[in-house]
Amino acid sequence: MSWLRGVLDRGGDGARFGRFLDRENPIQAWLEDVGIPWKSPRAELAASYGITSQPDRFNEAVEIGIVPPPLEGLIRPVYIQLSEHFTPNLPATEFFGDAYFGQDERANVQRTAAQFARFLGETPITNHLNTVRAVWTFGRAKVELLAWPADMQRGGHRVTGRDPRLVAGCYISIKSGFLPPLTPEELNGLAAFVPISTIPIAPGIDGAGAWGPSDYELEFLRDAQGVESIYGAIGVSADGKSLIFQNAQLFVVALETVVRVRVERIQPAKGPGGSYMRVECKTNYPGGPPTKMLTVCSSRGPDDLNTLGATVSAAIGRPLDLSKYYSDC
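Now for a look at the structure at hand. (Residues numbered from 1 in each chain as written. Predicted model: local features only at pLDDT ≥ 70, side-chain atom pairs only at ≥ 80, totals over all residues. Heavy atoms only, no water.)

### A word on the overall build of the chain
The helix and strand inventory of the chain stands at seven helices and 16 strands. A buried classification covers 50% of the 329 residues belonging to the chain. Residue pairs at least 24 apart in sequence account for 61% of intrachain contacts in the chain once pairs closer than 6 positions are excluded. Surface summary for the chain: the accessible area is close to 15700 Å², and the carbon and sulfur share equals 52%. (Helix = DSSP H or I, 4+ residues; strand = E, 2+ residues; numbered from the N terminus. Buried < 20%, exposed > 50% of the residue type's maximum accessible area, 1.4 Å probe, protein only. Contact = heavy atoms within 4.5 Å. Areas by Shrake-Rupley, 256 points an atom, 1.4 Å probe, with all protein chains shown as cover.)

Shown next as structure tokens:
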């Protein structure tokens, strides 16, 4: 339990232990116990609960109408977002909600946080930019509560033209930390990893400072727990079937789906500029985009990744696309 105490000491006061703190991941345990099917694929949830359009949200949603509701004060059921950019074949990694008890934004966060504290332990409610927030983090799983008090907004004004409960309410984000497990074949490929090159790691972007899996990339990500790390490297499996690299996350990509290697080059302007190396891969589900771009690494200089891009391109037999120079405006 020492690691849990360490997490609490970073995310809260660590003094009080909630109901689930003796479980492997308290946030995942809470999802299980309240009945949120966090391991079910998006398509399965959509078929079970239906699809709704929410006027205040860009994407369609699946509202998970479980009884009893997992939290008091919810304006609508906890929901996931649907998008053509998210594979329907895997679970969502983030659930959302909005809780409202009255027009006092801070009180809405406090009353919602008190419910989570019973299960996850106490955590401070702090000012952050123009919000008040509370955060619990256990491994890859995270709960974040946010509200936007009127007195912390420019001019002291609330947003108009929206449901006033959503404006003053507590916004809830629950990240489950789900990642697809490695298949036996992928485990063998990782054990016989053939490196191509090291890759630079930029903290806070694609390195140790980055946090959490991305729904956009989820079908290409794997759970790296319990396997030998190749952090900071890119290579292929011994049989040549998989492109494998690890920055903040472990990527295992079927080489047959890789279309090209692209280096995006950005000249300093208002922003600092830099470069990104990505691989473009075909998707495998109907209704999605034909391809997705996966970020391998980034660097500060616009030409820093040209050589690395050429090396990887030659090693996997895919074309290299060096972008024109863009201004970081």
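### Describing the pattern of salt bridges
All chains considered together, the criterion is met by 16 salt bridges. Between Arg-260 and Glu-280 there is a salt bridge, with its nearest N and O atoms 2.3 Å apart. Residue Arg-260 is located in strand β13 (residues 258-267), and its partner Glu-280 is located in strand β14 (residues 274-282); the two are separated by 20 residues in the primary sequence. Owing to a relative accessible area of 11%, Glu-280 belongs among the buried residues under this scheme. (Salt bridge = Lys/Arg side-chain N within 4 Å of Asp/Glu carboxyl O.)

### A short note on the sheet that holds β14
Read from one edge of the open sheet, four strands run β15-β14-β13-β16, paired in mixed fashion. The open sheet has two free edges, formed respectively by β15 (291-299) and β16 (320-327), since each of these has just one partner strand. If you compare each strand with its neighbour and ignore which way they point, the axes differ by 25 degrees on average. In this sheet, β15 lies alongside β14 in antiparallel orientation, the contact comprising eight bridges. Along β15, the bridge assignment pairs Tyr-276 with Ser-298. With respect to the sheet, helix α7 (residues 306-316) is in contact with β13, β14, β15 and β16, its orientation differing from that of β13 by roughly 175 degrees. (Pairing = 2+ DSSP bridges. Axes fitted to C-alpha atoms, helices over the stretch in contact; angles between N-to-C directions.)

### So, the sheet that holds strand β8 (residues 194-198)
Spatially, β8-β10-β11-β12-β9 is the arrangement adopted by the five strands of the open sheet, whose pairing is antiparallel. A single partner strand is all that each edge strand has here, and the edge strands are β8 and β9 (221-222). Where strand β10 (residues 233-236) lies against strand β11 (residues 242-246), four bridges are found, and the strand directions are antiparallel. Across the sheet, residue Val-236 finds its bridge partner in β11, namely Leu-243. Contacts between α7 and the sheet are confined to β8, β10 and β11, with β8 contributing the most and set at about 165 degrees to the helix.

### As for the layout of surface pockets
Taken as a whole, the largest pocket holds about 390 Å³ of empty space. Of the residues assigned to the lining of the largest pocket, the class counts are five nonpolar, six polar and five charged. (1 Å grid on protein atoms, 1.4 Å probe; cavity = no way out; pocket = protein on both sides within 12 Å on 5 of 7 lines; lining within 4 Å. Points joined across faces, edges and corners; volume = space filled by probe spheres on them. Nonpolar A, V, L, I, M, F, W, Y, C, P; charged D, E, K, R; others polar.)

### Structural notes on the nonpolar core
One finds Phe-116, Trp-136, Leu-145, Ile-172, Ile-174, Leu-243 and Met-277 to be the most contacted residues of the largest nonpolar core, which totals 62 residues. Sort the elements by how many residues they give to this core and helix α4 (residues 105-120) lands first, with five residues. For Ile-174, the residues in contact, after removing those within four places along its chain, are Ile-27, Trp-30, Leu-31, Thr-93, Glu-94, Phe-95, Phe-116, Lys-142 and Val-143. Counting residues in each nonpolar core, the second largest holds eight residues, with Leu-182, Ala-233, Ile-244 and Leu-250 among its members. (Core = buried A, V, L, I, M, F, W, Y, C linked by side-chain atoms within 4.5 Å.)

### Some thoughts on helix α3 (residues 42-49)
Turn by turn, an α-helix covers 3.6 residues, leaving residues three or four places apart pointing in a common direction. When we look at burial in α3, the residues that qualify are Arg-42, Leu-45 and Ala-46. Summarising the axial view, the buried residues of α3 lie within an arc of 100 degrees, below the 170-degree limit, and thus occupy one face. Seen from the buried face of α3, the exposed residues on the opposite side, beyond 90 degrees, are Ala-47 and Ser-48. As for α3, its buried residues are in contact with β1 (60-63) and β2 (79-82). Positive phi appears at Gly-50, one or two residues downstream of α3, with a value of about 85 degrees. (Arc of directions from axis to C-beta.)

### Quick look at unusual backbone geometry
Along the chain, Val-67 connects to Pro-68 via a cis peptide bond; the corresponding omega equals -5 degrees. Tracing the backbone shows Pro-68 in the loop between β1 and β2. Positive phi values are uncommon outside glycine, yet Leu-129 reaches one of about 55 degrees. Counting through the fold element by element, Leu-129 comes out in the loop between β4 (125-128) and β5 (131-138).

### Brief notes about the packing of aromatic side chains
This structure, assessed with the given rule, holds six aromatic pairs. Measuring from ring centre to ring centre gives 5.7 Å for Phe-116 and Trp-136, while their planes differ by 45 degrees; the resulting arrangement is tilted. Of this pair, Phe-116 sits in helix α4 while Trp-136 is found in strand β5, placing the two residues 20 residues apart along the sequence. The buried category is assigned to Phe-116, whose relative accessible area is 0%. (Phe/Tyr/Trp six-rings, centres within 6.5 Å; stacked < 30°, edge-to-face > 60°.)

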